[in-house]
Amino acid sequence: MKRSLLILATILTYFTAHAQEESSIFKQGVKGCYSDYYIEFYNRGADLPTDGEYEVVISVIMDGQSDCYLGKATIQNGQLSNPVYIQKTDGSYQPMSRMFKALDPEWVAARDEASIRQVSDGMSTLFYTVDRHWIRLFFPSLIAGQSMANKKAPPAKEMLKSNN
């Protein structure tokens, strides 16, 4: 029983931390491309990646501003692997490690290492770097074709009137 409670607490802590990071990003009122990509991927959902190389959109957030870049990432054994490449204006690719130093060690220590490299709904984890950047990869080839946003109910007066 204690073990089940511990597992449940660990799962809830992970999802709470993830939700808090996402909520914090949106509370900042991020300008730029991030919100559009995130909302579209969240609403549509996406296929799970298979092993191979993918074109990605790399969203970088700092001080409430997001910029998006083209890049390439590799999935190995169902997980995102290093290096991730960012495309240059001449069409060449360079490892992102030339642009960002490293992930923040405190951020990494607070996470389950196995889940850091997962891709869910066509998106990577929202990474935090020592340079104080938030980074997320979007996998456009994985996104579902139709929006799966929740349908809103009509106002109560209309709904109740039509059913009586």
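What you see is a predicted model; the values in this text were computed from it and never measured.

## Here's the deal with the state of the cysteines
What the rule picks out here adds up to one disulfide. Sulfur-sulfur distance for the disulfide between Cys33 and Cys68 comes to 1.9 Å. Where Cys33 bonds to Cys68 through sulfur, the torsion about that S-S bond is close to 95°, and the disulfide is right-handed. With a gap of 35 residues between them, Cys33 in the loop between strand E1 (31–32) and helix H2 (34–44) and Cys68 in strand E3 (residues 65–76) connect regions that are remote in the sequence. Cys33 sits in the buried class, given a relative accessible area of 17%. By relative accessible area, which is 26% here, Cys68 ends up partly exposed.

## Re the nonpolar core
In terms of nonpolar packing, the biggest core is built from 29 residues, with Ile58, Leu80, Leu137 and Phe139 touching the most fellow members. No other element matches strand E2 (residues 52–62), which puts six residues into this core. Once residues within four sequence positions are removed from consideration, Ile58 is found in contact with Asp67, Cys68, Tyr69, Leu70, Gly71, Val84, Tyr85, Ile86, Met96, Ile135, Arg136 and Leu137.

## Structural notes on the pattern of salt bridges
Counted by the stated rule, this structure contains two salt bridges. As a salt-bridge pair, Lys72 and Glu53 come within 3.8 Å of each other at their nearest N and O atoms. With Lys72 in strand E3 and Glu53 in strand E2, this residue pair connects regions lying 19 residues apart in the sequence. The partly exposed category is assigned to Lys72, whose relative accessible area is 23%. In this structure Glu53 comes out as exposed when scored by relative accessible area, which is 55%.

## Examining H2
Listed in full, the buried residues belonging to H2 are Tyr34, Ser35, Tyr38 and Phe41. On an axial view of H2, the arc spanned by its buried residues comes to 140°, and they lie on one face. Just past H2, the residue Gly45 takes up positive phi, approximately 75°.

## Some remarks on the environment of Gln94
Inspection of the secondary structure assignment puts Gln94 in strand E5 (residues 93–95). Considered as a pair, Gln94 and Pro83 are eleven residues apart in the sequence and their alpha carbons are 9.2 Å apart. Sequence-distant contacts of Gln94, defined by excluding residues within four places in its chain, comprise Val84, Tyr85, Ile86 and Lys88.

Rules of the game
Residues numbered from 1 in each chain as written. Predicted model: local features only at pLDDT ≥ 70, side-chain atom pairs only at ≥ 80, totals over all residues. Heavy atoms only, no water. Disulfide = S-S within 2.5 Å. Helix = DSSP H or I, 4+ residues; strand = E, 2+ residues; numbered from the N terminus. Buried < 20%, exposed > 50% of the residue type's maximum accessible area, 1.4 Å probe, protein only. Core = buried A, V, L, I, M, F, W, Y, C linked by side-chain atoms within 4.5 Å. Contact = heavy atoms within 4.5 Å. Salt bridge = Lys/Arg side-chain N within 4 Å of Asp/Glu carboxyl O. Arc of directions from axis to C-beta.

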